[in-house]
Amino acid sequence: MYKEVAKLVLYRDLGEDSILYRISDIIKDFEEEKETKDILVQRIYVEMKRILDLSTQYGFDENLWQNYLTFLLITNENSFSITCEKVGANDGTVNRFAKGDFKIFRYLFHYDFAPIEKALEIDCFDTICHYKAIVKKERMYNKNVSEKVQALSRKISAAKDENEIFDIVTQFYYEYGVGMFGLNKAFRIRRNNGVLEFCPINNTDKVMLDDLVGYEIQKKQLIENTEAFVEGRKANNCLLFGDSGTGKSTSIKAILNEYYDRGLRMIEIYKHQFEDLSSIIAHIKNRNYRFIIYMDDLSFEEFEIEYKFLKAVIEGGMETKPDNVLIYATSNRRHLIRETWSDRSDMSQDELHRSDTIQEKLSLVNRFGVSINYSKPTQKEYFKIVIELAKKYPSITLSEEELCMEANKWELSHGGISGRTAQQFINYLAGKNK
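Positions within a chain are numbered from 1, following the residues in the order the chain's sequence is written. Thresholds applied to this predicted model are a pLDDT of at least 70 for local features of residues and 80 or more for the giving and counting of side-chain atom pairs; totals over whole chains, interfaces and linings are not thresholded and use all residues. The side-chain numbers reported here are obtained from all heavy atoms of the structure, hydrogens and water having been left aside.

J.: Sorry if this is basic, but what is going on with the overall build of the chain here?
T.: Helix and strand definitions follow DSSP, with helices as H or I runs of at least four residues and strands as E runs of at least two, each counted in order from the N terminus. For the chain, the helix and strand inventory stands at 19 helices and seven strands. Residue burial in the chain is summarised as follows: out of 434 residues, 48% are buried. In what follows, a contact means two residues having at least one pair of non-hydrogen atoms within 4.5 Å. Put simply, 78% of the contacts in the chain that link residues at least 6 apart link residues at least 24 apart. Accessibility here uses a 1.4 Å probe with only protein chains present; expressed as a share of the type maximum, an area under 20% marks a residue as buried, one over 50% as exposed, and anything in between as partly exposed.

Below, the structure written as structure tokens:
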């Protein structure tokens, strides 16, 4: 095994600590009789635990060894895989190196661990190659990744040669991409020892636009802008503003689910991270995806200056914002930045030209080309939302008249009329009825 692994070219940057390299070294030491039986077994068990931990994290099943190798193929960002993402393979010399690596992976897929297991009197390799995972709740692992890895693993395992594996893997890169951006829909960012990291958000809300009752005009505006964006046409940054609980955030989540398979990805950032915006964009601008940078519940107090970073990135900085990046934000405030009565006067002890200050603040919202108003529903619309939501729960058997009467009582003591209040009322009824 170790001789073949050493021949990898494009897929060799797996890290010295990778499970594949560690197991390869163990087999090398076994064949060269460099370690005692007990030490070799101990080292193997360490790697078995790592495979099991990875498999639990991603919900792998059946052949964990092949799942692991497949996971390497679709997460390794190299010159070949990144070139293929969302556009597929093209003719070029690099394909020879790729097929050479795929030939090695086919060898690894069907590697015979029986000799080392017999000599060391263990059966762990055979066990992980015929594994039956414990059924877990979806929130405990990334089901989206799990299903893709297992389906691709079966195809590669059945491939007759490296040419067939080449077609299978490059087709996957074309459909989904490569690395964390290929496998995941949404991300948060964090700083780890000063280094910017993208953290996948597992099990994002599965809501679709049809699940949002009403707001048809608003949804149409959002769809039109996003359609243009994913199709590579000109599109605008988008601000969804209005009353709380009206479905602004839900609409954004639904947009991601609607267009994920067409290359849309989402990065959620918070106000204190705005100074990292330029770094985030620099990291994603050359990838073959469409990225929405999402800011939920965006607003600024008078003393907060983070909006200046946002203004510079949206429009006005020296570097042009790439065409594969848009900014979508939700806010309860139309103008985003808190405005006081003193802002309305040019006479102030602190500043002579207060009108200049207010214009600076208002210029932020003007940099969103599309602004969509989500206003509080009327009582009639509220009742319609309640009735439509109730249809999804067979346990709710109240008539429409009874539903509306109870919903009216609920909103009077639970924050007033809104889509959120309607959903909370339905949750209450669904939980109450067995």
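J.: Can you help me understand the sheet that holds strand β2 (residues 195-200) in this one?
T.: Pairing between the strands of a sheet comes from backbone hydrogen bonds, and it takes one of two forms, parallel or antiparallel. By definition, two strands form a pair when at least two bridges between them are found by DSSP. Ordered in space as β2-β1-β4-β5-β6-β3-β7, the seven strands form an open sheet in which the pairing is mixed. The outermost strands of the open sheet, each flanked by one partner alone, are β2 and β7 (370-374). Shown here is a sheet whose adjacent strand axes are inclined to one another by a mean of 25°, direction ignored. Bridging between strand β1 (residues 186-192) and β2 involves six bridges; their strand directions are antiparallel. Within the sheet, the bridge partner assigned to R191 lies in β2 and is L196. Helix axes are fitted only over the stretch in contact, all axes being lines through C-alpha atoms; the angle between N-to-C directions runs from 0 to 180 degrees. Across the sheet, helix α12 (residues 216-230) touches β3 (238-242), β4 (264-268), β5 (290-295), β6 (325-331) and β7, and the angle it forms with β7 is around 150°.

J.: Can you help me understand a nonpolar patch on the surface in this one?
T.: Like-charged residues are merged into a patch within 9 Å and nonpolar side chains (Val, Leu, Ile, Met, Phe, Trp, Tyr) within 5 Å, provided each residue has over 30% relative accessible area and no salt bridge. To measure how exposed things are, a 1.4 Å probe is used in the Shrake-Rupley method; for residues, cover is taken only from the protein chains shown. Basic side-chain nitrogens of Lys or Arg form a salt bridge, by our definition, when they fall within 4 Å of a carboxyl oxygen of Asp or Glu. Nonpolar side chains collect at one region of the surface, where V9, V94 and F97 lie side by side and expose about 230 Å² of accessible area between them. Its place among the elements puts V9 in the loop between α1 (2-5) and α2 (19-31).

J.: Looking at this structure, I do not really get the state of the cysteines. What am I missing?
T.: Throughout this description, disulfide means a covalent bond between two cysteine sulfur atoms. The rule for a disulfide is simple: a pair of cysteine sulfur atoms within 2.5 Å. Enumeration over the complete set of coordinates arrives at zero disulfides. The closest cysteine sulfur to the non-disulfide-bonded C124 is located on C129, 9.6 Å from its own sulfur. Owing to a relative accessible area of 10%, C124 belongs among the buried residues under this scheme.

J.: Sorry, what's going on with helix α3 (residues 37-58) here?
T.: Think of an α-helix as turning once every 3.6 residues; residues three or four places apart then point the same way. Here α3 is 22 residues long and its end C-alpha atoms lie 32 Å apart, about the 32 Å a rise of 1.5 Å per residue gives. When α3 is considered as a whole, its buried residues turn out to be L40, V41, I44, E47, M48, I51, L54, S55 and Y58. What you see down the axis of α3 is that its buried residues fit within an arc of 140°, all on one side. Opposite the buried face of α3, by more than 90 degrees, sit the exposed residues D38, Q42 and K49. Contact partners of the buried residues in α3: α2, α4 (64-75), α7 (114-120), α8 (124-129) and α9 (143-158). Downstream of α3 by one or two residues, G59 has phi in the positive range, about 70°. Any helix carries an expected span of 1.5 Å times its number of residues minus one. To be clear, the arc concerns the directions from the helix axis to the C-beta atoms.

J.: Explanation requested: helix α13 (residues 248-259) in the structure shown.
T.: Under the 1.5 Å per step criterion, the end-to-end length of α13 is 17 Å for twelve residues, consistent within 8% with the ideal 16 Å. Among the residues of α13, those classed as buried are K248, S251, I252, A254, I255, L256, N257 and Y259.

J.: When you look at unusual backbone geometry in this model, what are you seeing that I'm missing?
T.: The bulk of non-glycine residues show a negative phi, and the bulk of peptide bonds are trans. Even without being glycine, E33 reaches a positive phi, approximately 55°. Structurally, E33 is set in the loop between α2 and α3.

J.: I would appreciate a short explanation of the pattern of salt bridges in the present structure.
T.: Pairs can form between side chains of opposite charge whenever their charged atoms are close. Scanning all chains against the criterion turns up 26 salt bridges. The salt bridge involving R50 is made with D17; its shortest N-O contact spans 3.5 Å. Here R50 is found in helix α3, whereas its partner D17 is found in the loop between α1 and α2, with 33 residues between them in sequence. Assessed through its relative accessible area of 26%, R50 is described here as partly exposed. With a shortest N-O distance of 3.5 Å, R287 and E77 are connected by a salt bridge. Of the two residues, R287 sits in the loop between α14 (277-284) and β5 while E77 sits in the loop between α4 and α5 (79-84), which places them 210 residues apart along the sequence. By relative accessible area, which is 10% here, R287 ends up buried. Within the structure, one salt-bridge network assembled from shared partners comprises D17, R22, E47 and R50.

J.: I keep staring at the pairing of β5 and nothing clicks. Help me out?
T.: Put simply, side chains in a regular strand alternate between the two faces of the sheet. Burial analysis of β5 places six of its six residues in the buried class, the great majority of the element. Judged by which residues are buried, β5 turns out to be covered on both faces: R290, I292 and Y294 on one side and F291, I293 and M295 on the other are all buried. Here five bridges tie β4 to β5, and the two strands are oriented parallel to one another. Within β5, the position partnered with E268 by the bridge is Y294. Seen with its strands pointing away from the viewer, a crossover is right-handed when the path leading from the first strand over the helix to the second is clockwise. One crossover worth recording links β4 to the parallel β5 by way of α14, and it is right-handed. Pairing of β5 with β6 involves five bridges; the strand directions are parallel. When the bridges of β6 are listed, M295 appears paired with A329.

Purely geometric numbers; function is a separate question.
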